[in-house]
Amino acid sequence: MTEFKPGTKALWSGEKEQLAYGATQVPVVHSVSFGYDDMDEWYEIATGQREGHIYGRNTNPTTQAFEDKVKDLEGAEAATSFATGMAAISNTLYTFLKPGDRVVTIKDTYGGTNKIFTEFLPRSQVEVVFCETGDHEEMEQEVAKGCEVVYIESPTNPTLKIIDIERMAKAAHEAGALVIIDSTFATPVNQNPLQLGVDLVLHSATKYLGGHSDALGGVVCGSQALIDQIYHYREINGATINPMGAYLLLRGMKTLHLRVERQNENAMKVAQYLKTVDWVEDVFYPGLEEHRGHDIAKRQMKGFGGMLSFSVNGGLETVNHLLPKMKLAKRAASLGCVQTIIGPPATTSHVECTPEERAAMGIPEGLVRYSAGIEDIDDLIGDLDQAFKSLPKELYV
Ligand SMILES: *Cc1c(COP(=O)(O)O)cnc(C)c1O
């Protein structure tokens, strides 16, 4: 399916191999084990000499269809999947790191990822170096001192900073390090990091890939050799996605390109609208020309994504008044859903962190993260407008 465009791949990739009985849609195969009457066949499948399934912690036909679809969309040789995005991140890191190793990363990775770096990896004597997000020179200097893994995220959560992927991949490879990117915010429709030189691209499939906030999952794509190692770690440690979850994500992905195109458009229009609002102090969206990472984003992304954030005058108090007034935004964690989702970092992306930790990461308490849905744009802007107009004037400082 590599010859087709992303929209076509989203529909057709990975499915044909898993169809049976003339069905046109991939079944949810709930079976935990797969049995064989022929002993030779069983031995061959169990030892990996022949394709097939043995036990659900290892592989499953529905899950395989999901993995194959993401793999094709990222233009990768191989992919493996996980119960959640965090399982994809932690299993991937633990596959490659051992005591004495060094990781170079950025300050504003996803909150859960940050906890792995600050709390769990140091326990295993892995040194983690946090660079200012977007300071490419600092990262290059740290990478050149020697490291095993360079871990980046772009765009970042929740302030939408952009990392030059090609530049970081080059620096990592010069130092002999593996470069891993969390590309959740971009989706494979807007960004294909493997083509920019990274070794492994990760997604929280819970977000845009599934797109309906009804299933958890994670996925990592890369070369067969690297994915084999990660798969082995996951099959033993057991962070396997369940077949129903894989099915929901697979089903969601059939409209990935349509949803993301609309979300790109909606986010851009919301960002432009927010710039006209007195209450809004800063708008963070890589599609805006004045955004610090705009030029890099333009080079490495096909679309600027459906995520944006903005800070408001009056800080957290204004946020606390504004959000309950919104009718067309779910006040919830998560993102990338067909419906618009809104929330402050303190209850969403960085719920695991203390206010001090968030401040150190440059995340203002008066920030609102906005995940544009696929609603009609006039309604979204109208909703924001009525919410801003309802704010008590005395909050304005
Ligand atoms: C949500 C998210 C994760 C974690 O994914 P889960 O599926 O919730 O475990 C990782 N990275 C980013 C950028 C995310 O938004």
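About the cut-offs
Residues numbered from 1 in each chain as written. Predicted model: local features only at pLDDT ≥ 70, side-chain atom pairs only at ≥ 80, totals over all residues. Heavy atoms only, no water. Pairing = 2+ DSSP bridges. Helix = DSSP H or I, 4+ residues; strand = E, 2+ residues; numbered from the N terminus. Contact = heavy atoms within 4.5 Å. Axes fitted to C-alpha atoms, helices over the stretch in contact; angles between N-to-C directions. Phe/Tyr/Trp six-rings, centres within 6.5 Å; stacked < 30°, edge-to-face > 60°. Buried < 20%, exposed > 50% of the residue type's maximum accessible area, 1.4 Å probe, protein only. Lys, Arg positive; Asp, Glu negative; His and termini not counted. Salt bridge = Lys/Arg side-chain N within 4 Å of Asp/Glu carboxyl O. Polar contact = N/O pair within 3.5 Å; in protein donor to acceptor, adjacent residues only side chain to side chain. Left-handed = near helix turned anticlockwise from the far one by under 90°. Nonpolar A, V, L, I, M, F, W, Y, C, P; charged D, E, K, R; others polar. Patch = residues over 30% accessible without salt bridge, like charges linked within 9 Å, V, L, I, M, F, W, Y side chains within 5 Å. Areas by Shrake-Rupley, 256 points an atom, 1.4 Å probe, with all protein chains shown as cover. Domains from an automatic or database assignment. Buried area = accessible area lost by both parts, 1.4 Å probe. Near = heavy atom within 4 Å. 1 Å grid on protein atoms, 1.4 Å probe; cavity = no way out; pocket = protein on both sides within 12 Å on 5 of 7 lines; lining within 4 Å. Points joined across faces, edges and corners; volume = space filled by probe spheres on them.

**Regarding the sheet that holds strand β8 (residues 280-284)**
Inference 1: Ordered by their spatial adjacency, 5 strands build an open sheet running β8-β9-β12-β11-β10, and the pairing between neighbours is mixed. Taken across any chain shown, the strands that pair with only one partner, and hence form the sheet edges, are β8 and β10 (330-331).
Inference 2: The pairing of β10 with strand β11 (residues 341-343) spans 2 bridges and is parallel. Bridging across to β11, arginine 331 finds its partner in isoleucine 342.
Inference 3: In this fold helix α11 (residues 256-274) packs onto β8, β9 (307-312) and β12 (367-371), with an angle of close to 15 degrees to the strand it touches most, β9.
Inference 4: Sitting on the sheet, helix α13 (residues 315-322) touches β9 and β12, and the angle it makes with β9 is about 120 degrees.

**Examining the packing of aromatic side chains**
Inference 1: Under the criterion given, the structure shown has 4 aromatic pairs.
Inference 2: Ring geometry for phenylalanine 117 against phenylalanine 130: centres 6.3 Å apart, planes inclined by 75 degrees, an arrangement best described as edge-to-face. Within this pair, whereas phenylalanine 117 is found in helix α5 (residues 111-120), its partner phenylalanine 130 is found in strand β3 (residues 127-131), the two being separated by 13 residues in sequence.
Inference 3: The class of phenylalanine 117 is buried, set by a relative accessible area of 1%.
Inference 4: Between the aromatic rings of phenylalanine 310 and phenylalanine 388, the centroid separation amounts to 6.3 Å while the plane-to-plane angle is 55 degrees, which identifies the pairing as tilted. One end of the pair, phenylalanine 310, is in strand β9; the other, phenylalanine 388, is in helix α15 (residues 377-389), and 78 residues separate them in sequence. A single burial state applies to phenylalanine 310 and to phenylalanine 388, both of which are buried.
Inference 5: The structure contains a cluster of three or more aromatic residues connected by ring pairs, namely Phe117, Phe130 and Tyr151.

**Some words on the side chain of arginine 369**
Inference 1: Relative to the helices and strands, arginine 369 resides in strand β12.
Inference 2: No salt bridge is formed by the buried arginine 369; its nearest oppositely charged neighbour, glutamate 153, is found at 8.3 Å.
Inference 3: Among the polar contacts listed, one links the side chain of arginine 369 to the side chain of asparagine 157, at a separation of 2.9 Å.
Inference 4: Within the local environment of arginine 369, its side chain forms a polar contact with the backbone oxygen of serine 334, the two atoms lying 3.2 Å apart.

**A closer look at the packing of helix α3 (residues 61-74) against helix α10 (residues 243-253)**
Inference 1: Between α3 and α10, the shortest axis-to-axis distance is 8 Å and the interhelical angle comes to 35 degrees. Read as a crossing pair, α3 and α10 show a hand that is left-handed. When α3 is examined against α10, the residues Thr62, Thr63, Ala65, Phe66, Lys69, Val70 and Leu73 are found in contact with a partner set consisting of Pro243, Ala246, Tyr247, Leu249, Leu250 and Met253.
Inference 2: Here the residues of the contact of α3 with α10 are counted per class, giving 10 nonpolar, 2 polar and 1 charged.

**Some points on the sheet that holds strand β7 (residues 218-222)**
Inference 1: Spatially, β1-β7-β6-β5-β4-β2-β3 is the arrangement adopted by the 7 strands of the open sheet, whose pairing is mixed. The outermost strands of the open sheet, each flanked by one partner alone, are β1 (78-82) and β3. Strand-to-strand twist of the sheet, defined as the mean angle between neighbouring strand axes without regard to direction, takes the value 20 degrees.
Inference 2: In this fold α3 packs onto β1, β6 (200-204) and β7, with an angle of close to 130 degrees to the strand it touches most, β1.
Inference 3: This element, α5, spans β2 (102-106), β3 and β4 (149-153) of the sheet and lies at about 130 degrees to β3.

**A short note on the environment of histidine 212**
Inference 1: Here histidine 212 is to be found in the loop between β6 and β7.
Inference 2: When the C-alpha atoms of histidine 212 and leucine 335 are compared, they prove to be 9.3 Å apart, with 123 residues separating the residues in sequence.
Inference 3: The contact partners of histidine 212, leaving out residues within four places of it in the chain, are Gly252, Thr255, Arg259, Cys337 and Val338.
Inference 4: One polar contact links the side chain of histidine 212 to the main-chain carbonyl oxygen of glycine 210, over a distance of 2.9 Å.

**Topic: a nonpolar patch on the surface**
Inference 1: Taken together, Met1, Phe4, Leu11 and Trp12 make up a surface patch of nonpolar side chains, about 410 Å² in accessible area.
Inference 2: Checked against the element boundaries, methionine 1 lands in the segment before α1 (6-12).

**Comments concerning the domain arrangement of the chain**
Inference 1: Taken domain by domain, the chain consists of domain 1 (6-255) and domain 2 (256-395).
Inference 2: The gap between the C-alpha centroids of domain 1 and domain 2 is 27 Å.
Inference 3: Taken residue by residue, the interface counts 49 residues in domain 1 and 42 residues in domain 2.
Inference 4: A combined buried area of about 3500 Å² lies between domain 1 and domain 2, and 59% of that area is made up of carbon and sulfur atoms.
Inference 5: In this assembly, domain 1 and domain 2 are joined by 1 salt bridge.
Inference 6: Between aspartate 164 and arginine 299 there is a salt bridge, with the nearest N and O atoms lying 3.4 Å from each other.

**Concerning the site of the ligand**
Inference 1: Looking at the ligand, there are 15 residues lining it, with Gly85, Met86, Asp182, Thr206 and Lys207 nearest.
Inference 2: Here an oxygen atom of the ligand and a backbone polar atom of methionine 86 are 2.8 Å apart.
Inference 3: At 2.9 Å from an oxygen atom of the ligand is found a side-chain nitrogen or oxygen belonging to serine 204.
Inference 4: Burial of the ligand by the protein chains amounts to 92% of its free accessible area of 380 Å².
Inference 5: Considering every element that reaches the shell around the ligand, the biggest residue donor is helix α4 (residues 85-96), with 3 residues.
Inference 6: Classifying every residue of the shell around the ligand gives 5 nonpolar, 7 polar and 3 charged.

**Here we look at the layout of surface pockets**
Inference 1: Here the largest pocket is characterised by a volume of approximately 880 Å³.
Inference 2: If you trace the largest pocket, you find 32 residues lining it, with Glu51, Gly52, Thr59, Gln64 and Tyr231 closest to the centre.
Inference 3: Taken together, the elements giving at least two residues each to the lining of the largest pocket come down to α2 (39-46), α3, β1 and α9 (224-237).
Inference 4: With 6 residues, the single largest contributor to the lining of the largest pocket is α9.
Inference 5: A per-class count over the lining of the largest pocket returns 8 nonpolar, 14 polar and 10 charged.
Inference 6: In this structure, the second largest pocket spans a volume of roughly 380 Å³.
Inference 7: If you go around the second largest pocket, you meet 21 residues; those closest to its centre are Phe284, Glu290, His291, Arg292 and Gly293.
Inference 8: A total of 5 residues in the lining of the second largest pocket trace back to one element, the largest contributor, which is β8.
Inference 9: In terms of residue class, the lining of the second largest pocket is built from 8 nonpolar, 7 polar and 6 charged.
Inference 10: If you count residues domain by domain, the lining of the second largest pocket takes at least three from each of domain 1 (6-255) and domain 2 (256-395).

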